[in-house]
Amino acid sequence: MLEGLNLLHEALEVAKKQLEELQKKCDKVPPTKNKPRREFTPMGMTYDTTFDRFWCMVKIDLRKAYDSVEWPFLHTVLEELGFPHSVVKWIMTCVCSISYSVMYLSRCLKEMTGNPNFNFHPRCEKLGITHMMFADDLLLFSRADFVSIQLLLQAFQKFSCASGLMANLSKSEVYFGGISDFDKDQLQTFLGMSRGSLPFRYLGVPLSSKKLTVAQYRPLVERVTARIGCWTSRHLSYTGRLQLIKSVLFGIQAYWAQIFILPKKILREIETKLRIFLWTRKNTYAKKAPVS
């Protein structure tokens, strides 16, 4: 009996020591806060700094400074004024193309990131990405606070003054996430652009922060259908139709497939349209009445 009590007492002592050690470990862990920590910004906007997912993306359509001037006319004027042929060629290259100024834009934005008041887009901070550019479409990224957007706009205006490439505000849009509608209205008024919504089309494909639905893949089917509709009126041979399917229509599908995982429903619909065009030369399938 005494031995049993001694064993029970030792077991309780061991359990007590383990609970004390566990309590010490728990005391070292900082207590969690029920309410998220808030931050006050210059425009009076409040953000949840424990979950930094408020972002801003500006889609700018660049308008060339010489859009209202005929380039052949400008080329003729430069030659008539006696400029050397090489100088005329350099000037026309700068006027007709905007690729030469991309490096200067990158330099302006890189200098901007050195400002401690600038905050990156939450998903771009690790890579240090502030912009993406293709042809005359420019995407600018930052956190959705007034200071960051103001610095971003100042860097772009510096680039515009140096290159003559201005923003076409009628085609430019701004996108926000993680902030209230009141804050969106304030920032939109400051930028002077219309507010866009996701998904939006960029380089021919829809871009979204979420997984695309089947309905949002419809532009791919419509584009394939439109191409087939242009060819149905032409008397193409079987070999010609097969070559067009391989070289053109499969190319359109492959471009989307490099970016997205296409749903099976969309793939089956495209395959059906291609098969109908290959065998019947038509865009739609007309089932013949069965012979009795």
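Up top you'll find the structure we're talking about.
Residues numbered from 1 in each chain as written. Predicted model: local features only at pLDDT ≥ 70, side-chain atom pairs only at ≥ 80, totals over all residues. Heavy atoms only, no water.

**Re the overall build of the chain**
- Looking only at helices and strands, one finds 9 helices and 10 strands in the chain.
- Within the chain, the proportion of its 292 residues that are buried is 32%.
- Within the chain, counting contacts between residues at least 6 apart in sequence, those at least 24 apart form 65% of the total.
- When the accessible surface of the chain is totalled, it reaches about 19,800 Å², and 58% of it is carbon and sulfur. (Helix = DSSP H or I, 4+ residues; strand = E, 2+ residues; numbered from the N terminus. Buried < 20%, exposed > 50% of the residue type's maximum accessible area, 1.4 Å probe, protein only. Contact = heavy atoms within 4.5 Å. Areas by Shrake-Rupley, 256 points an atom, 1.4 Å probe, with all protein chains shown as cover.)

**Looking at helix α9 (residues 264-280)**
- A rise of 1.5 Å per residue sets the reference length of α9, with its 17 residues, at 24 Å; its end C-alpha atoms lie 24 Å apart and thus fit the reference within 8%.
- Among the residues of α9, Ile266, Ile270, Lys273, Leu274, Ile276, Phe277 and Leu278 are the ones counted as buried.
- In this structure, the buried side of α9 is in contact with α7 (218-231) and α8 (238-257).
- Once α9 finishes, Arg281 follows within two positions and takes phi at roughly 65°, a positive value. (Expected span 1.5 Å × (residues − 1).)

**Some words on the nonpolar core**
- Membership of the largest hydrophobic core comes to 30 residues, with the highest contact counts inside it found for Val58, Ile60, Leu140, Phe156 and Phe176.
- When residues of this core are traced back to their parent elements, those giving at least two are β3 (55-63), α4 (102-113), β5 (137-143), α5 (146-163), β7 (173-177) and α6 (181-191).
- The biggest single contributor to this core is α5, with 8 residues.
- Beyond its immediate chain neighbours, meaning those up to four positions away, Ile60 contacts Asp136, Asp137, Leu138, Leu140, Phe156, Ala167, Ser172 and Met193.
- Core analysis: the second largest hydrophobic core is formed by 19 residues, Tyr217, Ile252, Trp256 and Ile266 among them. (Core = buried A, V, L, I, M, F, W, Y, C linked by side-chain atoms within 4.5 Å.)

**Considering the pattern of salt bridges**
- Summed over the entire model, instances satisfying the criterion amount to 5 salt bridges.
- Two residues, Glu111 and Lys158, come together in a salt bridge whose shortest N-O distance is 3.2 Å. Linking Glu111 in helix α4 with Lys158 in helix α5, this pair joins segments that are 47 residues apart in sequence.
- Two residues, Glu271 and Arg275, come together in a salt bridge whose shortest N-O distance is 4.0 Å. Highlighted residues: Glu271 and Arg275, both in helix α9, separated by 4 residues, approximately one helical turn.
- For Glu271, a relative accessible area of 47% translates into the label partly exposed.
- Residue classification places Arg275 among the partly exposed residues on the basis of a relative accessible area of 42%. (Salt bridge = Lys/Arg side-chain N within 4 Å of Asp/Glu carboxyl O.)

**What about a nonpolar patch on the surface?**
- A cluster of nonpolar residues, Phe73, Val77, Leu81 and Phe83, forms a patch on the protein surface that exposes about 390 Å² of accessible area.
- In this structure, Leu81 sits in the loop between α2 (71-80) and α3 (85-96). (Patch = residues over 30% accessible without salt bridge, like charges linked within 9 Å, V, L, I, M, F, W, Y side chains within 5 Å.)

**Observations regarding the packing of aromatic side chains**
- Summed over all chains, the structure comprises 9 aromatic pairs.
- Centroid distance Tyr238 to Trp279: 5.5 Å. Interplanar angle 45°. Geometry classified as tilted. Taken together, the residues Tyr238 in helix α8 and Trp279 in helix α9 connect sequence positions 41 residues apart.
- Take Tyr238: its relative accessible area is 38%, and that puts it in the partly exposed class.
- Here the aromatic cluster, defined as three or more aromatic residues joined through ring pairs, consists of Tyr217, Trp256 and Phe260. (Phe/Tyr/Trp six-rings, centres within 6.5 Å; stacked < 30°, edge-to-face > 60°.)

**Structural notes on the packing of α7 against α9**
- Closest axis-to-axis distance for the α7/α9 pair is 10 Å, and the angle between their directions is 5°. The orientation of α7 with respect to α9, classified from their angle, is roughly parallel. Of the residues in α9, those touching α7 at Arg218, Leu220, Val221, Val224, Thr225, Ile228 and Trp231 are Ile266, Glu269, Ile270, Lys273, Leu274 and Phe277.
- Per-class residue counts for the contact of α7 with α9 are 9 nonpolar, 1 polar and 3 charged. (Axes fitted to C-alpha atoms, helices over the stretch in contact; angles between N-to-C directions. Parallel < 35°, antiparallel > 145°, perpendicular 65-115°, else oblique. Nonpolar A, V, L, I, M, F, W, Y, C, P; charged D, E, K, R; others polar.)

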